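In case you want the letters, here they are:
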Amino acid sequence: MPNTFPKHNKLCGQERIAALYKEGKRFTAWPMRVTYQPTEEDTQVLVWAPKSLFKRAVKRNHLRRLMREAYRLHQDILGEQHYQIAFNYMDKEEQPFTVIEKAICKSLKKISEQS
RNA sequence: UGAGUAGGCCGGUCUAUCGCGCACGCGAGUGUGAGGAAAGUCCGGGCAGCACAGAGCACCAUCGCGGUUAACGGCCGUCAGGCAGCAAUGUUUGGUCCCUGCUACAGAGACGAGAGAUGUGAAACGAGCAUACGAUGGGCUGCAAUUCCAAGUAAACCGAUGUCUGAGCGUUGCUCGCGCGAGUCGGAGGGUAGGAAGCGUUAGAUUAAUGAUAGACGCCCGCAAGGGUACAGAACCCGGCUUACAGGUCUGCUCUCGAA
RNA sequence: GCGGUGUUAGCACAUCGGUAGUGCAUCGGCUUCCCAAGCCGAGGAGGCGGGUUCGAUUCCCGUACACCGCU
């Protein structure tokens, strides 16, 4: 599986996002909260950091890019099953890439094991 | 030589690997991709929709003089006063008192009155000020404007009020005047929230690209190991203002001394 | 993205430019065998930085934070 992250792998649309947060399973993988559910369609991923914790848009963008990059590099952990996944950043501090990468790996393993 | 002051400019560079948006291409691929403030949204335009016979009132903004501009409340020059500084310079204020009104405490008296001195007071017949007056400008709302396509629903229900003895609507805050003329207002409830244009212009997305990792160089701190490298991220586009900002650099001017 | 509102005592709110008040809460006293209620008294405040003015919570500018509306 190539380590790419094209546009159709992004989760978008108010209805889909609302449905995921309403119906999906969730757990915490510091410094993020993960919400996911299996799906028949392509795997779609949503990544964000809240404005209430990070006032400056630069920081939010940076965190989003770090999380997205970590997912892109390790998405092959998931295997054949497709999922809708949302990662939202929770910690008050900006964590470095290595920390986020670890957390993403952990949570992806957890998802693939649980289902 | 040191200190200060004003203005301008820059605000990382390169390599490797893995990626993202857009354009072109059948394809391999090629080209291109954040800022001086992109920010705050404080002004001014463009642009869009609605409206516009006319009159009056209200409301908001501006306020020495001259120039600049598409326009401005910005900028440049200049005059006068206050404040800071030895100075260069910085900063701030700037229509008028005829009408309406305010000037606490103190003081005999505070804008009313016969006048003056002393004292009081920021101000004592001289005034100062704005909510007052004058001049000039302003139709209203804003790209979540607006237009189109697709999908879908509820012309139903309850209450109030009205059909020429006229409700209400438009004239954009109000009045007059003018025009329209059978519905209108409130309650509770139902549906949708996808796509395209707007937004082409050497970024142009639609939940949002411009990134990550590793190494080298430059700069700063430190004896060294090592650490740090600002403020900050386009969402229709321009001209300004304001605020944030590590460090570097150039030019003019002022004061101070000859020197560790 | 666009537009609007607010910030006053621990809390909720007042205040035409002239000594910043009210209620609840807190503390002290009176009353009571003790407590509550009641009565008397006290402490405590203008988000921050400038400007106008004799004088600013009020007017003006900047800034920080919070809240609301618009597809």
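Residues numbered from 1 in each chain as written. Chains lettered and ligands numbered in written order. Predicted model: local features only at pLDDT ≥ 70, side-chain atom pairs only at ≥ 80, totals over all residues. Heavy atoms only, no water.

What follows deals with the protein's contact with RNA strand B. Close to RNA strand B lie 19 residues, the nearest being Lys7, Arg65, Arg68, Glu69 and Arg72. For RNA strand B, the backbone portion of the atoms within 4 Å of the protein, that is sugar and phosphate, comes to 82%. At 3.4 Å, a side-chain N or O of His62 approaches a phosphate oxygen of RNA strand B. In this structure, a phosphate oxygen belonging to RNA strand B sits 3.0 Å away from a side-chain N or O atom of Arg64. The element best represented in the surface near RNA strand B is helix H2 (residues 57-74), accounting for 10 residues. Considered class by class, the residues forming the surface near RNA strand B number six nonpolar, four polar and nine charged. (Near = heavy atom within 4 Å. Polar contact = N/O pair within 3.5 Å; in protein donor to acceptor, adjacent residues only side chain to side chain. Helix = DSSP H or I, 4+ residues; strand = E, 2+ residues; numbered from the N terminus. Nonpolar A, V, L, I, M, F, W, Y, C, P; charged D, E, K, R; others polar.)

Another point: the packing of H2 against helix H3 (residues 97-114). The N-to-C vectors of H2 and H3 enclose an angle of 50°; their axes lie 9 Å apart at closest approach. What the angle tells us is that H2 and H3 run oblique. Note on packing geometry: the crossing formed by H2 with H3 is right-handed. Contact residues: H2 offers Leu63, Leu66, Met67, Glu69, Ala70, Tyr71, Leu73 and His74, while H3 offers Phe97, Ile100, Glu101, Ile104, Cys105 and Leu108. (Axes fitted to C-alpha atoms, helices over the stretch in contact; angles between N-to-C directions. Parallel < 35°, antiparallel > 145°, perpendicular 65-115°, else oblique. Left-handed = near helix turned anticlockwise from the far one by under 90°. Contact = heavy atoms within 4.5 Å.)

This paragraph deals with the environment of His74. Here His74 shows up in helix H2. Along the chain, His74 and Tyr36 lie 38 residues apart, while their C-alpha atoms are 16 Å from each other. In this structure His74 touches Glu101, Cys105 and Leu108, once residues within four positions along its chain are discounted.

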